[in-house]
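Inside the fold
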Protein chains: 2
Amino acid sequence: VNETFKRALIGIVGEANFSDDILDRVCYAYDASDHAHRPEAALWPVSREQITQILAFSSEHRIPVTPRGAGTSLTGAAVPVHGGVILDLCLMNQILDIRIADRRVVLQPGVIYADLERALAPHGFFFPPDPASSSVCTIGGNVATNAGGIRGAKYGVTRDYVLGLEVVLADGRVMRTGSYCIKSSSGYDLTRLLVGSEGTLGVITEILLRIQPRPTAVQTGLALFDSLQDAGQGVIAIMHSGVVPSVLEILDERSIQVVRGENGVSLPEVKAILLVETDGFTETEASFQMEKVIEVLKKHRAVEIRVARSPQEAEALWRVRRSIGSAAARLRPSNVSEDVTVPISRITDLLAGIAAIVGRHDLPFVVFGHAGDGNLHPRIMYDPADPDQTRRVQHAVGEIFRLTCDLGGTLTGEHGIGLAKAPYMGYEHDPVEMEMMRAIKRLFDPHHILNRGKMALDG
Amino acid sequence: VNETFKRALIGIVGEANFSDDILDRVCYAYDASDHAHRPEAALWPVSREQITQILAFSSEHRIPVTPRGAGTSLTGAAVPVHGGVILDLCLMNQILDIRIADRRVVLQPGVIYADLERALAPHGFFFPPDPASSSVCTIGGNVATNAGGIRGAKYGVTRDYVLGLEVVLADGRVMRTGSYCIKSSSGYDLTRLLVGSEGTLGVITEILLRIQPRPTAVQTGLALFDSLQDAGQGVIAIMHSGVVPSVLEILDERSIQVVRGENGVSLPEVKAILLVETDGFTETEASFQMEKVIEVLKKHRAVEIRVARSPQEAEALWRVRRSIGSAAARLRPSNVSEDVTVPISRITDLLAGIAAIVGRHDLPFVVFGHAGDGNLHPRIMYDPADPDQTRRVQHAVGEIFRLTCDLGGTLTGEHGIGLAKAPYMGYEHDPVEMEMMRAIKRLFDPHHILNRGKMALDG
């Protein structure tokens, strides 16, 4: 970004919303992944019009532009690997319209998930995807990565709730997609093509979301198993039982060891744990489903089943699951956290396979995740200052992706591809699909200025 | 289709699965719309390999190809308006795999909706979209048009359940999209781009659907209103009440007049009716929601509320809704049936507006539909032998589309665009969106052989 470019960009966003200060450039080199690359400048646009001008200018001068929400990406999706400018959308954080009768909200991309939740709560409504980073992540980032969360088994992911978008295309044109209706079959679904495209096809400036009433009754249970296979068979049996738990989490034996020492967690030595939540509008409904689940898990040799009788007891059960991440992270200076996903019946195959792979590379790890939708989070701890550990982590991750795809799975259930998984796209997607994805990228962004270097779709 | 082409196509599908007989050509000129155009031949391929060869050959020789399911399209989507060949997929009708634990089925496009329903029923599972044509329509057609149905308010539409597709592209290449997992954020969502593309981007040869447990408890209720406005306010109030009915149908006064004479239907003279269904896994859950709905509708001046106390009584309430179509159709030799959709709060505005428009054109009509997702079905009866009536229908329909879009609505909630709504695409979609849709069409089908003339996306 030379002096001419700098003046032009300042001309668009104003002095206060432009920075090429070294401190900002260092900060914006990172997201929540272990990737990093410094941008040449950061911009904080406040309107669609400014973004239009920035992109038209950047297209003309081939300046790479990386849109950014809260930077919670675990895949390097927000890292400006080709430099250029960061487009931080945090100032575009207005909830523009809440229409309960139409089951719809309209908002800007910089709205924090938790702020939307707070705005909907008085109406008894919610936007169900509930990413672990919900207290800080932005809805724009959720949409760009098709974020999931802990209630995916019953409620699906972000894509299931996006009705329409306003985006600025690479050349500065503004496009509106979708509809204010909760249902439409009119034309190609450009909305969902953009959801999960990680900022590579356009910059989102407005989002229409479908919302729904929040269930008012919840039951929480925890089941302990002496064998991983029993837990896996239990998950399969729950799927056959005719009910859909809103939460169905699995913890492997290493996760259990790691949280056993945590404050307030009391657990025997077992090999696997399932955390289950059922919900509904009545206690009867939530209990009926929980009883079905318990019945099934007893048949599959659960050695102990705990059902919460109060919100406090539920919170204690949840603490088991919630403590894993931070407890595991303390084992080494850094870690990678993946989100490989397989068909539900292959969960135990994936768990066992991950244990064998990471064991062979001799690194501490835990595996936990959303058994109800087949989405596991292997977290491998390592010291990035040790080149040998770093190399071993990379090999282990590559092998986990290979295994996942061999099991009919996907590289990512909810984090997206970004930089981290770009080299593995060919494991999952056939060459024709890759070719069509690349052709769409070229169609939307012929000069490859938008979040360049991500998803293996450039060039 | 000259003699050389004919021999080549017979070489691919065999004598028995090719026809240029005049009877077949006449039959395949039609679908369930009032559009018609004769193809030059019909083909009944039995495999992906045959379709690959047909499309490669057709691309090379620029032969228009129109894929077809059961031909239940109300928009002319299956009418080969540029001639060429019909690709009838009815022989590719195998359910290939049902995996309850993975909540997934794999099937060929020619499977009839009702056959899939029968195959899933013993497991207690279902594929929720439930089009009115479910006894004959194909899943391939459902996917191609993003078909909806009567339970859309709670369960959504076809697009919400398609996990992946195998398609043959215009040049004969085979592409697999999506994943066997019920959750993925890997790459661009080509699956949902193809859903609703009405056979203009490729020919679907395999479909992966997400399925779910069928609720085991259902409550059915009927509420009568002396004023349309009260019914509309009742719908809005239900949306605010914190529950989501699985069915919320509205009938206007003309629909009520038309069904009042029907066998087994007893109704007083009222101005609007709401049919409500709630569901769950327990009777308590279904009843709790129905009670909430009743409470709300009483407040909004329902003059009578009937709740079914048995499946027989529920069937009697459903008969009111189900009789409209056939009863109305008897009023004139032909009719057009639209599926305009608006934000839920605008339902009564659309109802009143349609009445004013069609009244001005002096034609018999009824309006009913899915108030729970904003999707109305105005059905206008006319005699196609009378040019003046035909002209008046066309004007009325155009004005209804204009009104719908002015109310923030969409041309089609569940039927698709096809031929019938192609001239109105500009009412709903902005020029940039239209341009990107056309560019995607060119990318997938550069010679415009696939279902040419549909959706206003050629050229």
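Our subject is the structure listed above.
Keep in mind the model is a prediction, meaning the values are calculated, not measured.

Here we come to the overall build of chain A. Check the secondary structure of chain A and you find 15 helices and 18 strands. Its C-alpha atoms give chain A principal-axis dimensions of roughly 70 × 55 × 45 Å. Looking at chain A as a whole, 65% of its 459 residues are labelled buried. Long-range pairs, those at least 24 residues apart, make up 71% of the contacts in chain A between residues at least 6 apart in sequence. In the form shown here, chain A has an accessible surface area of approximately 15600 Å², with 50% of it arising from carbon and sulfur atoms. Here chain A holds 46 positive side-chain charges and 55 negative ones, and the gap between their average locations is 1 Å.

On to the packing of helix α8 (residues 228-240) of chain B against helix α12 (residues 347-360) of chain B, then. All names here are of chain B. Between α8 and α12, the least distance of the axes is 9 Å, while the angle of their chain directions is 150 degrees. Accordingly, the angle class assigned to the pair α8 and α12 is roughly antiparallel. On the side of α8, the interface is formed by Leu 228, Gln 229 and Gly 232, while α12 contributes Thr 348, Leu 351 and Ala 352. Across the contact of α8 with α12, the residue classes tally to 3 nonpolar, 3 polar and no charged.

What follows concerns the packing of aromatic side chains. All names here are of chain A. In this structure the tally under the stated criterion is 14 aromatic pairs over all chains. Look at Tyr 113 and Phe 127: their rings are 5.7 Å apart centre to centre, the planes differ by 40 degrees, and that puts the pair in the tilted class. Note that Tyr 113 is positioned in helix α4 (residues 113-120) and Phe 127 in the loop between β7 (125-126) and α5 (139-145), a separation of 14 residues in sequence. No difference in accessibility class separates Tyr 113 from Phe 127, as the two residues are buried. Through pairs of rings, three or more aromatic residues link up here, namely Tyr 113, Phe 127 and Tyr 161. Here the guanidinium or amino end of Arg 402 rests over the ring plane of Tyr 427, the centre of that ring lying 4.2 Å away.

As a further point, take the relation of the copies chain B and chain A. Of the two same-sequence chains, chain B is brought onto chain A (RMSD 0.0 Å, axial shift 0.0 Å) by a rotation of 180 degrees. Both copies are brought into coincidence by an operation consistent with a two-fold rotation axis. The fraction of interface residues of chain B whose copies in chain A are also interface residues reaches 100%, indicating that both copies meet through the same surface.

Our next topic: the interface of chain B and chain A. Listed per partner, the contact involves 87 residues of chain B and 87 residues of chain A. Across the interface of chain B and chain A, roughly 7000 Å² is buried in total on both sides, 60% from carbon and sulfur atoms. Together, Lys 183, Ser 185 and Tyr 188 of chain B form the three largest contributors to the area buried by chain B at its contact with chain A, with a combined 14%. Of the charged contacts in the structure, one is a salt bridge between Asp 373 of chain A and Lys 183 of chain B, with a shortest N-O distance of 3.0 Å. For the pair chain B and chain A, the number of links is 38 residue pairs in polar contact (both at pLDDT 80 or more). When contributions to the side of chain B that touches chain A are tallied by element, the ones reaching two or more residues are β9 (174-178), α7 (190-194), α8, α10 (283-299), α14 (425-428) and α15 (431-444) of chain B. Here the side of chain B that touches chain A takes 10 residues from α15 of chain B, the largest share from any one element. Residue composition of the side of chain B that touches chain A, by class: 37 nonpolar, 32 polar and 18 charged.

A few words on the pattern of salt bridges. With the rule as written, the count across this model stands at 68 salt bridges over all chains. Between Asp 406 of chain A and Arg 402 of chain A there is a salt bridge, with the nearest N and O atoms lying 3.9 Å from each other. Here the residue Asp 406 of chain A and the residue Arg 402 of chain A both occupy positions in helix α13 (residues 387-406), the gap between them amounting to 4 residues, near one helical turn. Salt-bridge contacts for Asp 189 of chain B lead to Arg 192 of chain B; the nearest nitrogen and oxygen are separated by 2.9 Å.

So, about the sheet that holds strand β2 (residues 41-43) of chain B. Residues and elements named next belong to chain B. Here we have 4 strands laid out as an open sheet, ordered β1-β2-β4-β3, and mixed in their pairing. The sheet is open, and its two borders are formed by β1 (18-19) and β3 (65-68), each paired with just one other strand. Judged from the 4 bridges that link them, β3 and strand β4 (residues 85-88) form a sheet pairing that is parallel. Residue pairing for β4: Val 65 is matched across the bridge by Val 85.

For the rest of this paragraph, the subject is unusual backbone geometry. Its identity as a non-glycine residue notwithstanding, Glu 198 of chain A has a phi of 55 degrees, on the positive side. Looking at where Glu 198 of chain A falls in the secondary structure, it is placed in the loop between α7 (190-194) and β10 (203-210). One non-glycine residue, Arg 62 of chain B, adopts positive backbone phi at about 55 degrees. Tracing the backbone through its elements, the reader meets Arg 62 of chain B in the loop between α3 (48-61) and β3.

Time to look at the side chain of Thr 282 of chain B. Within the secondary structure, Thr 282 of chain B is located in the loop between β14 (272-280) and α10. A residue is classified by how much of its surface remains accessible, and Thr 282 of chain B, at 8% relative accessible area, is buried. There is a polar contact of 2.6 Å between the side chain of Thr 282 of chain B and the side chain of Glu 285 of chain A. Not counting residues up to four positions away in its chain, the partners in contact with Thr 282 of chain B are Thr 284, Glu 285 and Phe 288 of chain A together with Ala 217 of chain B.

Reading the values: rules and limits
- Residues numbered from 1 in each chain as written.
- Chains lettered and ligands numbered in written order.
- Predicted model: local features only at pLDDT ≥ 70, side-chain atom pairs only at ≥ 80, totals over all residues.
- Heavy atoms only, no water.
- Helix = DSSP H or I, 4+ residues; strand = E, 2+ residues; numbered from the N terminus.
- Buried < 20%, exposed > 50% of the residue type's maximum accessible area, 1.4 Å probe, protein only.
- Contact = heavy atoms within 4.5 Å.
- Areas by Shrake-Rupley, 256 points an atom, 1.4 Å probe, with all protein chains shown as cover.
- Lys, Arg positive; Asp, Glu negative; His and termini not counted.
- Charge placed at Lys NZ, Arg CZ, Asp CG, Glu CD.
- Axes fitted to C-alpha atoms, helices over the stretch in contact; angles between N-to-C directions.
- Parallel < 35°, antiparallel > 145°, perpendicular 65-115°, else oblique.
- Nonpolar A, V, L, I, M, F, W, Y, C, P; charged D, E, K, R; others polar.
- Phe/Tyr/Trp six-rings, centres within 6.5 Å; stacked < 30°, edge-to-face > 60°.
- Lys NZ or Arg CZ within 6 Å of the ring centre and 35° of its normal.
- Least-squares fit on C-alpha atoms with pLDDT ≥ 70 in both.
- Buried area = accessible area lost by both parts, 1.4 Å probe.
- Salt bridge = Lys/Arg side-chain N within 4 Å of Asp/Glu carboxyl O.
- Polar contact = N/O pair within 3.5 Å; in protein donor to acceptor, adjacent residues only side chain to side chain.
- Pairing = 2+ DSSP bridges.

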